[in-house]
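# Architecture and fold: a report
The lines below spell out each chain.
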Amino acid sequence: MTETAIFKDSEADRQHRTRWFANRVLIYGVLILWAVICLFPIYWTITTSFKMAPNVMKGNLVPWVDYDPAWLGWRSLGLSPDTIGTESTVRDEFMKRFLNSAITALSSSVLAVLLGSLAAYGLSRFTYKFAWMKNDDISFFFLSQLILPPVVLALPFLVLYKALGLLDTTVGLILLYTLTVLPIVIWIMRDQFAGIPTELEEAAMVDGLGVWGAFFTIILPIALPGMVAAFILSLVLTWNEYFFAALLTSTHANTLPVMLASQTGSNGISWWSMAALAFAAILPLVVIGVVLERFIIKGMAAGAVK
Amino acid sequence: MSGSDHLHVVTSDAITPGRRRLGMGLIWGSAALLGVVALAQTAQEAGWRDFGFQTWRPTLYAYCVWATALCWGQVIIRGEQGRRTLFVLPAALFVISLTVFPLLFGLVIAFSDWNLSSPDGRQFNGLANLRQMWADPFYWNAMTNMVWYTLAIVVEYAVAFGLALLLNSQIRARKFFRVAFLLPLMLSPVAVSWMIGKSMLEARFGPLARLARGLGWDNPSFFGSPEVARFTIMLMDAWTFIPFMMIMLLAGLQAIPKELTEASRVDGATGWRSFWEVTFPLMLPVSITAILIRIIFKLKLADIVINVTSGGPGGATDTVTSFIFREYRDRSNVGYGTMLAMVYLVIIVIVMTVLMKLAASWSRPRT
């Protein structure tokens, strides 16, 4: 407001404005505080990976101001600029685990989205009757798998996999991971397909397409954003999974979380290398979180609102 | 209830008897193959005859062949109807073979004494595991801990709701805050255990320990006493999972029609009253869904506990999952561990059923 304002603020208005202003400060204060709470651990991990022992002991926080960044942590992983060209057993080990994680997470997510989408589509479009189970019962059967805690399956699977020679194999892990994320995929996709009008397929079928033809050419493109959301959510869950991987793998099929967990005890206070390892493990998902945030939110919001 | 929104297509499939026979032959043929292979393997296991099998893989392959034949046979025998079944059947077969079968198998294991590293193999021991469980103070301690952990969800819910309200209000840089708030959920619990549990909370050099000292806590130790350790684990788990509830609640808030809140404002409801009398009741169904799903995830809590405290001090932070994990790691007795897990499952199913029934009656609109 300029000095020549025609309408003068009355005393009451001004009070209102200060209250509004205080309110804003409070809201942004809380938001920024929580953002710091969320981001500080990540910041701490990144900066610690460039620290040396004295920096850690002194509790320096800001690189270049408090301390000079060093490649110590990344060198121990074989990922610093001066070691990247040379041979490094740690790096090979890390890359192997990273690759294991990537293969396991990607394949199980693909498999889960494939199986889950088909099932969700079928359940949203056709009436089934398997023995005594109708559509709602089948849906409930799939979704009820969510309640099943991993421990219940873990030990029977351990014994079964041992008999089947699937212990410590990527295939075994993929099967289990697919199972754990399948209910979530079905949950999300059921919601997606329910929002697509059936007239679309009816029109397609009049034009001579079969059930599957209509599904692939008409419905799938429309439901793609939902599938991406389900895929990313599965990816997050399977990439981070630790419990089954710790029980069922030992040397060949270990994933990144298992490697990370096995390092925590042995390394003692060499924080820089642990920080580098931890950061390398979370980096892919941080990137996914920042870039594909829209899909993750979409996936989690599905089913929340009817 | 449903049915009206389903697809209705009249199909005219003329299935010839020959085609039907082919389908039946396919299904039963592969079933017979599965039976023969399984029988041969059982025979070898029992020591009747050696077929030279190393593992049970051949049975697994035969099972896969049978499952494929079953799916394919549906289309051959039932035509259009079978093609529809094909949407659900693969997923159903997958889930049944990977849960129902292991669960039944687990029931057998649960009533036996089976040390995987001992050469004796499985020994049926009846109810001995149950009796041992009954007298195991650590198991019941872990169970009590689970109750505490689950109760912490109330606080998590309140925080998540607050954050969702803030994100839903008129703010700038909403996208930045949303991404920032979401990030903890993306991190692997194992990484979080190190990042927060092992380094930031480290008693000498961790930044949070320094902060605690600065605030006047002379000798901060976050995992020293049982209560504090449990509280710390709760905080770390809350840190990872609050975004989850927040996003669901935010989606609920955004689905509330603007007219409703505006109308309540016109009627003179301000801040708190508008929240309690309009927003909160409208959010009840979403809240209940979010809390139920959160409970389900909470009951699986283990990674952080295993990696940060491994249950200590004195089992104060143990969850049922982490306890069974250690029980297996230390004694490699699958029988007892499975019994504990089965009992846990039964308790969970009962509790969740009761909760879902209660939730259904709560979220029904009051008349």
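Numbering of residues begins from 1 in every chain and follows the order in which that chain's sequence is written. The order in which chains are written sets their letters, starting at A; the order in which ligands are written sets their numbers, starting at 1. Whole-chain, interface and lining totals are the exception, using all residues; otherwise, since this is a predicted model, local features are given only for residues with pLDDT of at least 70 and side-chain atom pairs are given and counted only at 80 or more.

## Quick word on the overall build of chain A
A tally of helices and strands in chain A yields 13 helices and two strands. Against the compact-globule benchmark of 19 Å for 306 residues, chain A has a radius of gyration of 26 Å, which places it well outside the compact range. Taking the principal axes of the C-alpha coordinates as reference, chain A spans close to 75 × 70 × 35 Å. Here chain A, with 306 residues, has 46% of them falling under the buried criterion. Only DSSP runs of H or I reaching four residues or more are called helices, and only runs of E reaching two or more are called strands; each is numbered from the N terminus. Here the radius of gyration uses the C-alpha set of atoms, whereas the globule reference equals 2.2 Å times the residue count to the power 0.38. Exposed residues have 12 or fewer other C-beta atoms within 10 Å of their own C-beta, buried residues have 20 or more, and residues in between are partly exposed; the C-beta atoms are placed from the backbone.

## With respect to the domain arrangement of chain A
All names here are of chain A. An automatic or database domain assignment supplies the start and end points of every domain. On domain assignment, one finds that chain A holds domain 1 (11-77) and domain 2 (89-301). The C-alpha-based centres of domain 1 and domain 2 are spaced at 33 Å. Counting from both sides, the interface comprises 13 residues of domain 1 and, opposite them, 13 residues of domain 2. Elements represented by at least two residues in the side of domain 1 that touches domain 2 include exactly helix 1 (11-48) and helix 3 (72-77). It is helix 3 that contributes the most residues to the side of domain 1 that touches domain 2, five residues altogether. Working definition of a contact: two residues with C-beta atoms, positioned from the backbone, lying within 7 Å.

## Quick look at the interface of chain B and chain A
Contact with chain B, which involves 81 residues of that partner, is made by 82 residues of chain A. Sorting elements by how many residues they give to the side of chain B that touches chain A places helix 3 (residues 80-110) of chain B first, with 14 residues. When grouped by side-chain class, the residues that make up the side of chain B that touches chain A number 56 nonpolar, 16 polar and nine charged. Each residue gets one label: Ala, Val, Leu, Ile, Met, Phe, Trp, Tyr, Cys and Pro are nonpolar, Asp, Glu, Lys and Arg are charged, and the others, such as Gly, are polar.

## A few points about the environment of Trp140 of chain B
Positionally, Trp140 of chain B belongs in helix 5 (residues 137-168). Note: C-alpha distance between Trp140 of chain B and Glu277 of chain B (137 residues apart in sequence) is 41 Å.

## Thoughts on the packing of helix 13 (residues 293-301) of chain A against helix 9 (residues 226-255) of chain B
Viewed as axis vectors pointing N to C, helix 13 of chain A and helix 9 of chain B meet at an angle of 75 degrees, and their least axial separation amounts to 9 Å. Taken together, the axis directions place helix 13 of chain A and helix 9 of chain B in an arrangement best described as roughly perpendicular. Note on element contacts: helix 9 of chain B touches helix 13 of chain A through Phe244, Ile247, Met248 and Ala251 of chain B, opposite Ile297, Met300 and Ala301 of chain A. Broken down by class, the residue content of the contact of helix 13 of chain A with helix 9 of chain B amounts to seven nonpolar, no polar and no charged. Axis geometry follows a simple rule: fit a line to the C-alpha atoms, using only the stretch in contact for helices, then measure angles between N-to-C directions, giving values from 0 to 180 degrees. An angle below 35 degrees is read as roughly parallel, one above 145 as roughly antiparallel, one from 65 to 115 as roughly perpendicular, and any other as oblique.

## A few points about the nonpolar core
Working definition: the nonpolar core is a set of buried Ala, Val, Leu, Ile, Met, Phe, Trp, Tyr and Cys residues, joined through C-beta atoms within 7 Å. Residues Ala119, Val185, Leu260 and Ala278 of chain A together with Ala191, Met246 and Leu249 of chain B are the most contacted members of the largest nonpolar core, which totals 174 residues. In this structure Ala191 of chain B touches Leu260, Ala278, Ala281 and Ile282 of chain A, once residues within four positions along its chain are discounted. Val37, Ala62, Trp66 and Ala69 of chain B belong to the second largest nonpolar core, which has five residues in total.

## Here's the deal with the packing of helix 4 (residues 89-125) of chain A against helix 9 (residues 211-240) of chain A
Residues and elements named next belong to chain A. Running from amino to carboxyl end, helix 4 crosses helix 9 at an angle of 140 degrees, the nearest separation of the two axes being 8 Å. Of the possible angle classes, the one that applies to helix 4 and helix 9 is oblique. Classified by chirality, the crossing of helix 9 by helix 4 is right-handed. Residue-level contacts link Ser101, Thr104, Ala105, Ser108, Ser109, Ala112, Val113, Gly116, Ser117 and Tyr121 of helix 4 to Phe215, Ile219, Met227, Ala230, Phe231, Ser234, Leu235, Thr238 and Trp239 of helix 9. When the residues that make up the contact of helix 4 with helix 9 are grouped by side-chain class, the tally is 11 nonpolar, eight polar and no charged. Whether a crossing is left-handed or right-handed is set by the direction in which the near helix is turned from the far one by less than a right angle, anticlockwise for left-handed and clockwise for right-handed.

## Structural notes on the environment of Leu61 of chain A
All names here are of chain A. Tracing the sequence through the fold places Leu61 in the loop between helix 2 (53-58) and helix 3. Each C-alpha atom of the pair Leu61 and Thr48 lies 8.3 Å from the other, and the pair is 13 residues apart in sequence. Beyond its immediate chain neighbours, meaning those up to four positions away, Leu61 contacts Thr47 and Asp66.

## Notes on the domain arrangement of chain B
All names here are of chain B. The domains assigned to chain B are domain 1 (17-110) and domain 2 (131-363). Using C-alpha coordinates to define each centre, domain 1 is positioned 41 Å away from domain 2. Counting from both sides, the interface comprises four residues of domain 1 and, opposite them, five residues of domain 2. Split into classes, the residues belonging to the side of domain 1 that touches domain 2 amount to three nonpolar, one polar and no charged.

## Regarding helix 13 (residues 320-331) of chain B
Here the expected span of a helix is defined as 1.5 Å times the quantity of residues minus one. When the terminal C-alpha atoms of helix 13 of chain B are compared, their 16 Å separation across 12 residues agrees well with the 16 Å that a helix rising 1.5 Å per residue should span. Looking one or two places after helix 13 of chain B, you find Ser332 of chain B, whose phi comes out positive at around 40 degrees.

## Description of helix 11 (residues 271-298) of chain B
Residues and elements named next belong to chain B. Across its 28 residues, helix 11 extends only 32 Å between first and last C-alpha, which sits more than 12% below the 40 Å expected from 1.5 Å per residue. Along helix 11, the positions that sit buried rather than exposed are Met283, Val286, Ser287, Ala290, Ile291, Arg294 and Lys298. Packing partners of the buried residues in helix 11 comprise helix 5 and helix 9.

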